[in-house]
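Descriptive analysis of the structure
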Amino acid sequence: MRFKKARLFMAVLSLAVLPFSDLWADDRFNQNLNAERRLNEMQQAFRSSNFELYFVKQTMAASEPVSFSHGVIDGRQYSHWLYLNGMPMGYFSAEGIMAYFRAGSQPEIINNGKHPFLLGRFNTVSTDRILKNYVPVVTGRHRIAGRDVFMVRLSPKKNDRYGYVLYVDEITNILLQIDVVNPLDGSLMESYLATHFIYTESPNRIIQNINEAYLKESAQSFEQSGTATEDGVAVTDKDSEHKNSLNWEPAYIPSGFEMVQSETYPMPGSETDVEHLLFTDGITDFSVYRIHALEGSDFPVVKQGTTNLLRYKAPPYEIVVVGDILMDTEDKIAKSYSEIKK
């Protein structure tokens, strides 16, 4: 009799709980849809807006003040990124062309280049590609740089890369701040801390100057491809470098990453060469190098903010993995080194 009552109780309990389970599943599904919609609106706002954003790139070891400007002129998008401490350096973009500059040096111009920093990448990498590797959830609201923002957490589907929290302005839908989070323990690794935000009807003077330079030079140097040099300005085409021309590779590559560069070049101060493979998932990059083992140099790991460098001995070579990915992931990549059998 007691057994029958227990079975009856469990049956009633399951009928009571199942509807709530469905509600929880529906709620999580709706949260994901809402977060995807927010990401799309954020990117649409970036493509059509003129603004200036000042922030501090903060790590455990250092902080760097940065200014970022974006504008649209006659349907063309332009961006400008400038470090505000020390020697002037940064980049500007014009319709897929990236120009990296440093005071005292000629700029390097790259056709089909990608934004080198998280702020630009989250605004330009397709949301479909982001969602292949991350689960988005709108987690709440906050106040950043005097603005009301909503927060979107991007949790990696596999704990082989960092997670992110995006802070997006509620009125303009412009991305104002990013936190980089270690998914293994939830610790904050790096932040782009917004301090001042200016939303304008027209592009600022910096963007206007870039537009004038683009229109003036596009027919001469910006349209070059390959590794040609014009007037001392190096021009490369990133889309032309995507196949592995080397006789080795890492057998393990984290999901969602693809190789975008393969090259060999002389090691400075040495007669040996460096062999280099570059991988990206659109948001994060990492490089794998093969070099002849160095004598008298025995440090295996270097950490700086979210960037990790790991060295692995594979006699007579060393495999070096460096990028904004977890150390455990780099360890798996390095140890999977293998030569290609032809």
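Reading guide: rules and limits
Residues numbered from 1 in each chain as written. Predicted model: local features only at pLDDT ≥ 70, side-chain atom pairs only at ≥ 80, totals over all residues. Heavy atoms only, no water. pLDDT = per-residue confidence, 0-100. Contact = heavy atoms within 4.5 Å. Salt bridge = Lys/Arg side-chain N within 4 Å of Asp/Glu carboxyl O. Helix = DSSP H or I, 4+ residues; strand = E, 2+ residues; numbered from the N terminus. Buried < 20%, exposed > 50% of the residue type's maximum accessible area, 1.4 Å probe, protein only. Pairing = 2+ DSSP bridges. Polar contact = N/O pair within 3.5 Å; in protein donor to acceptor, adjacent residues only side chain to side chain. Arc of directions from axis to C-beta.

Let's talk about the confidence of the model for the protein
Do not read the fine detail of predicted coordinates wherever pLDDT is low. On average, residues of the protein score 84 in pLDDT, and 81% of them are at 70 or above. Segment residues 20-29: pLDDT under 50, and zero contacts once partners within four positions in sequence are set aside and those in other chains are kept.

Notes on the pattern of salt bridges
Taken as a whole and judged by the stated rule, the model has 14 salt bridges. The closest approach of N and O atoms between aspartate 285 and arginine 121, which form a salt bridge, is 2.8 Å. Taken together, the residues aspartate 285 in strand β17 (residues 285-292) and arginine 121 in helix α2 (residues 118-124) connect sequence positions 164 residues apart. The class for aspartate 285 is partly exposed, based on a relative accessible area of 26%. Arginine 121 sits in the buried class, given a relative accessible area of 8%. Its salt-bridge partner being aspartate 331, residue lysine 335 comes within 3.3 Å of it at the nearest N-O pair. A residue pair is termed a helical-turn pair when its members lie 3 or 4 positions apart in one helix, as lysine 335 and aspartate 331 do in helix α5 (residues 327-335) at four residues. Taking relative accessible area as the criterion, lysine 335 reaches 51% and is therefore assigned exposed. The network of salt bridges with common partners includes Asp160, Arg161 and Asp281.

What about the pairing of strand β19 (residues 307-314)?
Sheet topology places strand β18 (residues 301-304) next to β19; four bridges connect them, and they run antiparallel. Looking across to β19, one finds that glutamine 304 is bridged to threonine 307. Two successive antiparallel strands, β18 and β19, enclose a turn made up of two residues, where glycine 305 displays a positive phi of approximately 65 degrees. Note that β19 and strand β20 (residues 317-323) share seven bridges and pair antiparallel. Residue pairing in the sheet places leucine 309 in a bridge with valine 322 of β20. With antiparallel pairing between neighbouring strands as the criterion, β19 and β20 make up a hairpin whose turn holds two residues.

So, the environment of valine 72
Along the chain, valine 72 falls in strand β2 (residues 63-73). Sequence separation between valine 72 and serine 202 is 130 residues, and the spatial gap between their C-alpha atoms is 8.2 Å.

Brief notes about the environment of aspartate 281
Note that aspartate 281 resides in the loop between β16 (273-280) and β17. Sequence spacing of aspartate 281 and valine 260 is 21 residues, and the spatial spacing of their C-alpha atoms is 9.9 Å. When sequence neighbours within four positions are dropped, the list of residues in contact with aspartate 281 reads Arg129, Asn133, Tyr134, Arg161, Gly256 and Phe257. A distance of 2.9 Å separates a polar atom in the side chain of aspartate 281 from the backbone nitrogen of isoleucine 283.

Quick notes on α5
Because an α-helix packs 3.6 residues into every turn, residues spaced three or four apart end up facing the same way. Three or more residues of α5 are buried, namely Met327, Thr329, Glu330, Ile333 and Ala334. Buried residues along α5 cover an arc of 155 degrees about the axis, so they all sit on one side. In α5, the exposed positions that point more than 90 degrees away from the buried face belong to Asp328, Lys332 and Lys335. Elements that come into contact with the buried residues of α5 comprise β14 (248-250), β17, β18, β19, β20 and β21 (337-339).

Topic: the side chain of serine 49
For serine 49, the position within the fold is in the loop between α1 (2-48) and β1 (50-58). A distance of 2.5 Å separates a polar atom in the side chain of serine 49 from the backbone oxygen of alanine 45. Discounting chain neighbours no more than four positions away, the residues touching serine 49 are His70, Gly71, Val72, Ile174 and Tyr199.

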